[in-house]
Amino acid sequence: MIGLRSPAGQCMVGAKMAAAAAASIRERQTVALKRMLNFNVPHIKNSTGEPVWKVLIYDRFGQDIISPLLSVKELRDMGITLHLLLHSDRDPIPDVPAVYFVMPTEENIDRMCQDLRNQLYESYYLNFISAISRSKLEDIANAALAASAVTQVAKVFDQYLNFITLEDDMFVLCNQNKELVSYRAINRPDITDTEMETVMDTIVDSLFCFFVTLGAVPIIRCSRGTAAEMVAVKLDKKLRENLRDARNSLFTGDTLGAGQFSFQRPLLVLVDRNIDLATPLHHTWTYQALVHDVLDFHLNRVNLEESSGVENSPAGARPKRKNKKSYDLTPVDKFWQKHKGSPFPEVAESVQQELESYRAQEDEVKRLKSIMGLEGEDEGAISMLSDNTAKLTSAVSSLPELLEKKRLIDLHTNVATAVLEHIKARKLDVYFEYEEKIMSKTTLDKSLLDIISDPDAGTPEDKMRLFLIYYISAQQAPSEADLEQYKKALTDAGCNLNPLQYIKQWKAFAKMASAPTSYGNTTTKPMGLLSRVMNTGSQFVMEGVKNLVLKQQNLPVTRILDNLMEMKSNPETDDYRYFDPKMLRGNDSSVPRNKNPFQEAIVFVVGGGNYIEYQNLIDYIKGKQGKHILYGCSELFNATQFIKQLSQLGQK
């Protein structure tokens, strides 16, 4: 049975993507998952035969990888009748094959061995998200022998899929146990060397899986003396070892022009979160980043609490429970794809326009229906009838499309309304504009103390975010006397000062005071209050919300990428280390051997990333024809989650 173990990567790379020219990482991971669900045989679309019915057994890691990529309907089309968690109570289904998709952990393997002993299924296809060790493989073999189930273990595969793809051009390492690789975990003052090694190994294992799935060996650049450098050294070593073992290399098909990375190898830029702590705290103005900042948005699903209105309930009655609704924001949703990077007022306007065009179509169908109900005697009606039959036929055939349109309009009306409530209640437009001015060193029209002391402007956390951005961006730290005044105002506003405690230490340690990160020097320009959306017929009452127009300005991560991708000389990146895992001897130099600009790049932030940075990179690359970038991070956090980590780090 052990002989059957085979890295899925190997049989994959060749046939894998020679056909699909510009496959995104999302498509590649989806193709790999479909192959796995098809018993590790390439899945052919439009095959007429019934699929083989099977059950899918996954752990939480597997569930997080599959859920953003495959819907329940798609799973059913692949023959999956049941999908169950490995550690749930499962009844035996003795005449059905089972596909497992789990991490090779001790407890998972124990449970799989238990399944073999209990003879739960007809046959077992064991797929490990990350490579399984020889000793654990032997444990399974022994359990299979003891249970006389050797013949039922059909295949054992390493899938190398240990990362989560959220967009065509965005991935995150993990969602379960993310505190193990969090910003806090990496920056804890009391972390031991062994703990740090474990964190780095976890990150490297996922990045290695990512490149196996991508089918390309990158050229690696990273800043010195940071966690990003530790990741680079380990990843270089791991890729090198795999390439050296030609018989088992997962990259043998690398020369076959695997997908979009055919002509040139991609550049991997590893950056450390510490190069820019202001952006993750920044209030934002684009749709996707706002949804992530103010709502419960997680693995492409947003959960909303729908308030059921204030009913006239008798005194003392229990308040009505809020309905929870969840919506998937996926690539199939054209409105989301088009507007997720747009400024919020534009989104509100577009939802309104969509709604109006939908109503017009709906009215047309109703009008045709009433005409069709006319009595046939009337000459005019008869000629209208024949003309309208064709129209009605086309209207009826477009009904499913119309209903889908209605569903998406309702979805975005609900989501955008929920976002708007936060903007108005917390004056997020004021925060966004003020922070942009701080970050771009523009003169401020209002004193920081005023905003912090204004009881109507935002939550204590909003005030803390604003002050931290000011503190991080300041050319010179405020004097002790000023700082005390700010601290008092923050405390009076109900803020927890722990995050500031940590940022103070960080700033002193990083000696950032001498060269603060620059955030470009352009700023937003307010367009006066919203004009067209303000008409009374609109769903969105945007009164008092500023219509801010974004100007493209590169954030630090984008600027670093630009320097390295375009081979620009810049003091910020000139001493970045250079690794090429394909070179026989690793050399430690920061002198790139490749002098040509790169066409493809992956930016990976060690210590956590956010949608603001992702959107900034996407906007940057739009202007570069024929170039592609991917954004990845060890975890995806919003400002609330980041502040919490800073607070834990700042506790005395």
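Residues numbered from 1 in each chain as written. Predicted model: local features only at pLDDT ≥ 70, side-chain atom pairs only at ≥ 80, totals over all residues. Heavy atoms only, no water.

*Asks:* I'm lost on a negative patch on the surface in this one. Help?
*Replies:* Together, Glu106, Glu107, Asp110 and Asp139 make up a region of like negative charge exposed at the surface. When residues of the negative patch are assigned to their parent elements, the largest contribution, three residues, is made by helix α5 (residues 106-117). Locating Glu107 in the fold gives a position in helix α5. (Patch = residues over 30% accessible without salt bridge, like charges linked within 9 Å, V, L, I, M, F, W, Y side chains within 5 Å. Areas by Shrake-Rupley, 256 points an atom, 1.4 Å probe, with all protein chains shown as cover. Salt bridge = Lys/Arg side-chain N within 4 Å of Asp/Glu carboxyl O. Lys, Arg positive; Asp, Glu negative; His and termini not counted. Charge placed at Lys NZ, Arg CZ, Asp CG, Glu CD. Helix = DSSP H or I, 4+ residues; strand = E, 2+ residues; numbered from the N terminus.)

*Asks:* Explanation requested: the sheet that holds strand β12 (residues 301-306) in the structure shown.
*Replies:* Strand pairing in a sheet takes place through backbone hydrogen bonds and is either antiparallel or parallel in direction. One open sheet holds the three strands; their spatial order is β11-β12-β13, and the pairing between them is antiparallel. Where the open sheet ends on each side, the last strands, each with one partner, are β11 (296-298) and β13 (323-328). Taken over all neighbouring pairs, the strand axes of this sheet differ in orientation by 20° on average, direction set aside. Strand direction decides the pairing type here: β12 and β13, joined by six bridges, are antiparallel. Bridge pairing links Arg301 to Asp328 in β13. Sitting on the sheet, helix α14 (residues 399-426) touches β12 and β13, and the angle it makes with β12 is about 70°. (Pairing = 2+ DSSP bridges. Axes fitted to C-alpha atoms, helices over the stretch in contact; angles between N-to-C directions. Contact = heavy atoms within 4.5 Å.)

*Asks:* Just checking my understanding: could you explain the pattern of salt bridges for this structure?
*Replies:* Pairs may arise between side chains of opposite charge once their charged atoms sit close together. In this structure the tally under the stated criterion is 30 salt bridges. The partner of Lys237 in a salt bridge is Glu241, and the shortest N-O contact between them spans 3.5 Å. Here Glu241 and Lys237 lie together in helix α9 (residues 227-244), a separation of four residues that amounts to about one turn. Residue classification places Glu241 among the partly exposed residues on the basis of a relative accessible area of 41%. A salt bridge links Arg367 to Glu364; its shortest N-O distance comes to 3.3 Å. In this pair, Arg367 and Glu364 both sit in helix α12 (residues 344-372), three residues apart, roughly one turn of the helix. (Buried < 20%, exposed > 50% of the residue type's maximum accessible area, 1.4 Å probe, protein only.)

*Asks:* Honestly, the sheet that holds strand β16 (residues 577-579) in this entry has me stumped. Any pointers?
*Replies:* Pairing is mixed in the open sheet, where seven strands are placed in the order β7-β8-β18-β17-β10-β9-β16. The outermost strands of the open sheet, each flanked by one partner alone, are β7 (164-167) and β16. Neighbour-to-neighbour, the strand axes of this sheet turn through a mean angle of 20°, independent of strand direction. The pairing of strand β9 (residues 219-222) with strand β10 (residues 267-272) spans four bridges and is classified as parallel. Bridging across to β10, Ile219 finds its partner in Leu267. Against the sheet, helix α21 (residues 611-622) engages β7, β8 (170-172), β17 (600-606) and β18 (628-633), with an angle of about 170° to β18.

*Asks:* How do you make sense of the side chain of His339 when you look at a structure like this?
*Replies:* Relative to the assigned elements, His339 resides in helix α11 (residues 334-339). Setting aside residues up to four positions removed in sequence, His339 forms contacts with Tyr287, Val347 and Ser350.

*Asks:* I keep staring at helix α2 (residues 25-37) and nothing clicks. Help me out?
*Replies:* Residue pairs spaced three or four apart in an α-helix point in one direction, given the helix's 3.6 residues per turn. Given a rise of 1.5 Å per residue, 13 residues ought to cover 18 Å, and the 18 Å separating the end C-alpha atoms of α2 matches this to within 8%. Taking burial as the measure, the 13 residues of α2 include eleven buried ones, the bulk of the element. Listed as buried for α2 are Ile25, Arg26, Arg28, Gln29, Thr30, Ala32, Leu33, Lys34, Arg35, Met36 and Leu37. Backbone geometry just after α2 places Phe39 at a positive phi near 60°. (Expected span 1.5 Å × (residues − 1).)

Keep in mind these values describe shape, not function.
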